[in-house]
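Now for the letters of each chain:
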Amino acid sequence: MSELRVFSMILQIVALLLIVIGFIALKKSTSMNEGISKHGKIINVGYSLAIISVLYMAYSAYLSIIGTGSILPLILSHGSLGIITLALGALFVTNRWSWKSKRYMRIELVLWLAVFLGGIYLYLVINNAI
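Along every chain, residues carry numbers that run from 1 in the direction the sequence is written. Selection of residues for local features in this predicted model requires a pLDDT of at least 70, selection of side-chain atom pairs for listing and counting requires 80 or more, and totals for whole chains, interfaces and linings are taken over all residues. Note that water and hydrogens are dropped before the side-chain values are worked out from all heavy atoms of the structure.

Named according to an unreviewed UniProt entry, the protein chain is DUF420 domain-containing protein originating from Methanohalophilus halophilus.

Here is the structure:
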């Protein structure tokens, strides 16, 4: 299980790096259409990696609930915010949100960073590093 936990964390870190690269690609592009296209493709890959990593996280949370008979508030808050963030991300990635704008994308980015930092904290707690 610990190998899967490390692999999941690596996927999340790569997803974060891809998000940063996607924003850089958008800003450095000479044409807005070309920039948006590159940005979208890079972000889609990052989102896909995050989804793959969530499969392990959901399984791990399930095992924790089964093992203890309850769910820790930290896991519940991280998971709940994560579900909201992934649902909004899915709307962006699939282009199903007709009123998609920079404002809402920035809100999504802040949510994603909050979930990511919460996941880092949770990872450290689970591995007894804190």
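Now that the structure is up, let's keep going.
### Considering the overall build of the protein chain
Numbering goes from the N terminus for both helices and strands, where a helix is a DSSP run of H or I of at least four residues and a strand is a run of E of at least two. Along the protein chain, the regular secondary structure elements total 4 helices and 0 strands. From first element to last, N terminus to C terminus, the protein chain shows the α and β order α-α-α-α. Here the protein chain holds 130 residues, and the buried ones make up 28% of them. Considering only contacts within the protein chain whose residues lie at least 6 apart along the sequence, 68% involve residues at least 24 apart. Surface accessibility follows the Shrake-Rupley procedure with a 1.4 Å probe radius. Residue values consider only the protein chains on display as shielding. Within the structure as shown, the protein chain displays about 8500 Å² of accessible surface, and the carbon and sulfur contribution to it stands at 72%. Burial classes: relative accessible area under 20% of the type maximum marks a residue as buried, over 50% as exposed, and values in between as partly exposed (1.4 Å probe, protein chains only). The contact definition used throughout considers only heavy atoms, calling two residues in contact when any of these lie within 4.5 Å.

### Regarding the environment of Met57
Tracing the backbone shows Met57 in helix 2 (residues 32-68). For Met57 and Lys28, which are 29 residues apart along the polypeptide, the C-alpha to C-alpha distance reads 34 Å. Setting aside residues no more than four positions away along its own chain, Met57 makes contact with Ser8, Gln12 and His78.

### As for the pattern of salt bridges
In what follows, salt bridge is the name for a side-chain nitrogen of Lys or Arg lying within 4 Å of a carboxyl oxygen of Asp or Glu. For the coordinates displayed, the defined rule picks out 1 salt bridge. Glu34 is paired through a salt bridge with Lys38; the nearest N and O atoms lie 3.1 Å apart. You can see Glu34 and its partner Lys38 sitting in helix 2, 4 residues apart, about one turn around the helix. On the basis of relative accessibility, which here comes to 41%, the residue Lys38 falls in the partly exposed class.

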